[in-house]
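Descriptive analysis of the structure
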Amino acid sequence: MRSFPFSIVASLFTIAFLFVVNWLTTPTELWAIYPALFLLLWPLNVLFKFSDGHKWYALIVSILLITVLFAINLVQTPDYYWILYAWLPLLYWPLVVFAGRRAAEVTFSVLASLVFILYYIGLNIYFQTGFPWFIFPTFVILWWPLSVTFARRPMLFSVFGALLVTIFFWNVNALTSPDVIWAVYPIFAVLWWPLAIYFFVYRRTV
């Protein structure tokens, strides 16, 4: 733990230096807060190097990031609370860490993903009803329960994964540029995934 006091002093000294430079060169733009945030991770890394320390590290860093982003939101764009889009993914990090092995259970992954998807659908409906952008975070989060459910079944994982990619690109194509059918290209590429699994993995085991 001798490195902990050094990490605190060095981090604070560097942060103070950056804020002084910020104030002397561009006082109207507060850019020093960004590197200061990452410099604070150094002493936190040293502090939480103990059994189960990674759990508290994830929680504290997540709260720290949310707090800093909220402060930036209030300072730069107080009329638009974009922090509402960022805070939930940041909280999912400590949620998964504290859940431990439960995060690899189908029920947990499905329920957590459902909460995530419903939250962004609510934001989409409340803030921007003109375009269903919730399909993008939904596409990303669905890989979690999909991976957990079919982790030991590569053939099924490739089939449902390819189906998910196909549905996603087809919808994006229909919503953004229905006059140009470009979705066939990524769909054609992803279809090679289950095909390769079937011929090079599955058929060798049956």
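Report on the accompanying structure. Quantities reported herein were computed from a predicted structural model and do not represent experimental measurements.

Further remarks concern helix α1 (residues 3-25). In an α-helix, one turn spans 3.6 residues; hence positions three or four apart end up facing the same way. Between its first and last C-alpha atoms α1 spans 33 Å; for 23 residues at 1.5 Å apiece the expected length is 33 Å, and the two agree. All of the buried residues in α1 are Ser7, Ala10, Ser11, Ile15, Leu18 and Asn22. Contact partners of the buried residues in α1: α2 (33-39) and α3 (41-47).

Further remarks concern the nonpolar core. Looking at soluble globular proteins, one finds that nonpolar side chains tend to be buried together. The biggest cluster of nonpolar side chains holds 14 residues, and the ones touching the most others in it are Tyr92, Phe116, Tyr120 and Trp144. Elements supplying a minimum of two residues to this core: α5 (83-99), α6 (106-127) and α8 (143-149). The contacts of Phe116, once residues within four sequence positions are left out, are Leu88, Pro89, Tyr92, Pro137 and Ile141.

Here the focus is the packing of aromatic side chains. Following the criterion strictly, the structure yields 25 aromatic pairs and no others. Seen in terms of ring centroids, Tyr80 and Phe127 are 6.5 Å apart; in terms of plane orientation they differ by 75°. Their pairing is edge-to-face. Placement of Tyr80 in the loop between α4 (53-76) and α5 and of Phe127 in helix α6 is noted, with a sequence separation of 47 residues between them. A relative accessible area of 33% means that Phe127 is categorised as partly exposed. Centroid distance Tyr120 to Trp133: 6.0 Å. Interplanar angle 80°. Geometry classified as edge-to-face. You can see Tyr120 sitting in helix α6 and its partner Trp133 sitting in the loop between α6 and α7 (135-141), a full 13 residues away along the chain. Classification of Tyr120 by relative accessible area gives buried; the value is 4%. By relative accessible area, which is 13% here, Trp133 ends up buried.

This part is about the environment of Thr26. Take Thr26: it is sitting in the loop between α1 and α2. Every residue in contact with Thr26, bar those within four places of it in the chain, is listed here: Val21 and Trp31.

Within the secondary structure, Gly161 sits in helix α9 (residues 154-176). The exposure class of Gly161 is buried, given its relative accessible area of 0%. Once residues lying within four places of it in the same chain are set aside, the contact partners of Gly161 are Trp143, Leu146 and Trp193.

Our focus in this paragraph is the packing of α4 against α5. At a minimum axis separation of 8 Å, α4 and α5 run at an interaxial angle of 175°. By the criterion of interaxial angle, the relationship of α4 to α5 is roughly antiparallel. Each residue belonging to the contact of α4 with α5 can be placed in one class, and the counts come to 18 nonpolar, three polar and one charged.

With that settled, consider the packing of α5 against α6. Between α5 and α6, whose axes approach to 11 Å, the crossing angle comes to 170°. Classified by the angle their axes make, α5 and α6 are roughly antiparallel. Seen from α5, the contacting residues are Leu84, Tyr85, Ala86, Trp87, Leu88, Pro89, Tyr92, Leu95 and Ala99; seen from α6, they are Phe108, Ala112, Ser113, Val115, Phe116, Tyr119, Tyr120, Leu123 and Phe127. Of the residues contributing to the contact of α5 with α6, the split by class is 17 nonpolar, one polar and no charged.

With that settled, consider α4. End to end, α4 covers 34 Å across 24 residues, agreeing with the expected 34 Å (1.5 Å per residue, within 8%). Of the positions making up α4, those classed as buried are Gly53, Tyr57, Ala58, Val61, Ser62, Ile66, Val68, Ile72 and Asn73.

Thresholds, definitions, all that
Residues numbered from 1 in each chain as written. Predicted model: local features only at pLDDT ≥ 70, side-chain atom pairs only at ≥ 80, totals over all residues. Heavy atoms only, no water. Helix = DSSP H or I, 4+ residues; strand = E, 2+ residues; numbered from the N terminus. Expected span 1.5 Å × (residues − 1). Buried < 20%, exposed > 50% of the residue type's maximum accessible area, 1.4 Å probe, protein only. Contact = heavy atoms within 4.5 Å. Core = buried A, V, L, I, M, F, W, Y, C linked by side-chain atoms within 4.5 Å. Phe/Tyr/Trp six-rings, centres within 6.5 Å; stacked < 30°, edge-to-face > 60°. Axes fitted to C-alpha atoms, helices over the stretch in contact; angles between N-to-C directions. Parallel < 35°, antiparallel > 145°, perpendicular 65-115°, else oblique. Nonpolar A, V, L, I, M, F, W, Y, C, P; charged D, E, K, R; others polar.

None of the figures reported here should be taken as evidence of function without further support.
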